[in-house]
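Working through the structure, step by step
So the chains spell out like this:
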Amino acid sequence: MENLDINQLENLIGDKIFRRETIDNSKLNRIIEKVETTNREVLIKYGIDEDLLKEINIYEKVLNKSKAHPVPKLIVSGNFDGINILGLEWIEGIHPDFTKKNHIEKVFIALGKWAAEWSNQIKSDQLYASINNFGDLTNLLEKNKRNLTPILGDSLMDLLTSCIEQSEEIINNIEKMPKTLNPGDISLHNFIIDNNEKIIFIDFESCTVNPMITLVEHLGEDYGSLPNTKNNVHFALKSYLNSWNKYSAMHIEWDDFIRCQLCARVNYKIGYFNYWIKRILENKNIEETLEWVRQGQKQLELILKSPDFRK
Ligand SMILES: Nc1ncnc2c1ncn2[C@@H]1O[C@H](COP(=O)(O)OP(=O)(O)O)[C@@H](O)[C@H]1O
Ligand SMILES: [Mg+2]
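Being a predicted model, the structure only gives us computed values, none of them experimental.

Here we take up helix α7 (residues 230–247). Look at α7: 26 Å from first C-alpha to last across 18 residues, which is about the 26 Å you get at 1.5 Å a residue. Every buried residue of α7 is accounted for by Ala236, Leu237, Ser239, Tyr240, Leu241, Ser243 and Trp244.

Printed below as a string of structure tokens:
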């Protein structure tokens with residue numbers, strides 16, 4: 001989509017604009033700009049994208065109602081002439097660097113506090129999103145067993161079947177954890193360390209209400225945007241849990257937490273297998289997809305064998 005012209009933008013935010021700069025226009029139906037008005041700098045996200053509409057809703061119905069949380073202030077929101085717009089306080093700062101211990105500590109302490117405080121405040125199940133990825137997997141395997149077995153191989157089919165057999169216990173373990181507001185898409189790009197060294201949370205397009213363990217379900221994956229060495233993952237999880245226990249009335253033991261985190265990781269990985277299997281069934285980039293599948297299989301086997309998971 002094209003950038004709005006300056007008059008449209010000024011009308012939308014109700015102020016004169018002196019400078020504007022595009023931050024992101026890589027998405028088809030949404031643009032992010034930084035604009036400078038009479039007395040402040042504003043981040044504007046606008047477009048017709050569904051996810052943006054979701055984020056606007058979260059701001060209007062949840063984040064804006066509770067002042068204590070470290071998110072950019074809402075300046076303007078709504079739908080004008082069919083275009084959704086969200087104007088937020090511009091936060092000057094940097095994204096964390098998760099190769100640095102002190103950045104990991106700061107972010108995951110902030111995340112634990114966030115999870116604990118929201119868990120006391122979230123009343124309705126309005127935003128609750130189902131976490132269970134095993135239903136989809138069961139359907140996919142049942143309907144396509146004969147097609148899939150020669151492609152995926154017996155060992156993977158057996159592995160996935162054994163996961164399905166354990167799924168009730170896995171999901172129960174995740175769901176026994178207290179619910180909280182999951183900002184969604186936890187990664188270095190969605191935290192800003194501001195000029196006062198405070199961690200600010202941004203980007204609520206995939207925000208849901210879910211068990212507290214789902215906020216760290218992808219820790220342990222080899223992502224550049226998360227702590228990803230064994231030590232750093234452990235340190236991040238410790239920081240998250242210690243901070244949760246400091247601010248929450250519902251104490252969680254380390255052993256229990258770690259077992260549940262592995263359960264959440266298994267469920268998270270099953271989500272990927274569902275995606276890969278669908279691609280294979282649709283004949284999309286089979287070679288490339290199978291490589292991901294093989295890697296995923298190795299990682300899944302490691303999690304399932306881990307003594308912390310078996311306890
Ligand atoms: N309020 C803000 N202040 C300063 N920078 C921001 C703000 N909101 C977003 N950004 C910057 O823009 C980037 C993209 O914004 P984000 O809301 O995360 O959108 P996306 O859905 O594309 O990830 C962020 O990673 C951050 O660098
Ligand atoms: Mg983002």
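Further remarks concern the environment of Glu217. Here Glu217 lies in the loop between β10 (208–211) and α7. The exposure class of Glu217 is buried, given the 25 C-beta atoms found within 10 Å. Taking the C-alpha atoms as reference points, Glu217 and Glu197, 20 residues apart in sequence, are found 26 Å from one another. Contact partners of Glu217, with chain neighbours within four places excluded, come to Ala264, Arg265 and Tyr268.

Leu43, Pro72, Ile91, His189 and Asp203 are the nearest of the 15 residues found near ligand 1. Where the shell around ligand 1 is concerned, the elements lending two or more residues are β1 (17–24) and β5 (83–89). Residue composition of the shell around ligand 1, grouped by class: nine nonpolar, two polar and four charged.

What follows deals with the domain arrangement of the protein chain. Segmentation of the protein chain into domains returns domain 1 (6–90) and domain 2 (101–310). Look at where the C-alpha atoms of domain 1 and domain 2 centre, and you get two points 30 Å apart. Facing 13 residues of domain 1, the contacting portion of domain 2 comprises 12 residues. Here the residues of the side of domain 1 that touches domain 2 are counted per class, giving eight nonpolar, two polar and three charged.

Time to look at the pairing of strand β3 (residues 41–47). When you tally the buried positions in β3, you get five out of seven residues, the bulk of the element. In this sheet, β3 lies alongside strand β2 (residues 30–37) in antiparallel orientation, the contact comprising seven bridges. Residue pairing across strands places Val35 opposite Val42, the latter belonging to β3. In this structure, the hairpin formed by β2 and β3 is closed by a connection of three residues. Note: β3 against β5, six bridges, orientation antiparallel. Bridge pairing in β5 links Tyr46 to Ile85.

Cut-offs applied
Residues numbered from 1 in each chain as written. Chains lettered and ligands numbered in written order. Predicted model: local features only at pLDDT ≥ 70, side-chain atom pairs only at ≥ 80, totals over all residues. Helix = DSSP H or I, 4+ residues; strand = E, 2+ residues; numbered from the N terminus. Expected span 1.5 Å × (residues − 1). Buried ≥ 20, exposed ≤ 12 C-beta atoms within 10 Å, placed from the backbone. Contact = placed C-beta atoms within 7 Å. Near = placed C-beta within 6 Å. Nonpolar A, V, L, I, M, F, W, Y, C, P; charged D, E, K, R; others polar. Domains from an automatic or database assignment. Pairing = 2+ DSSP bridges.

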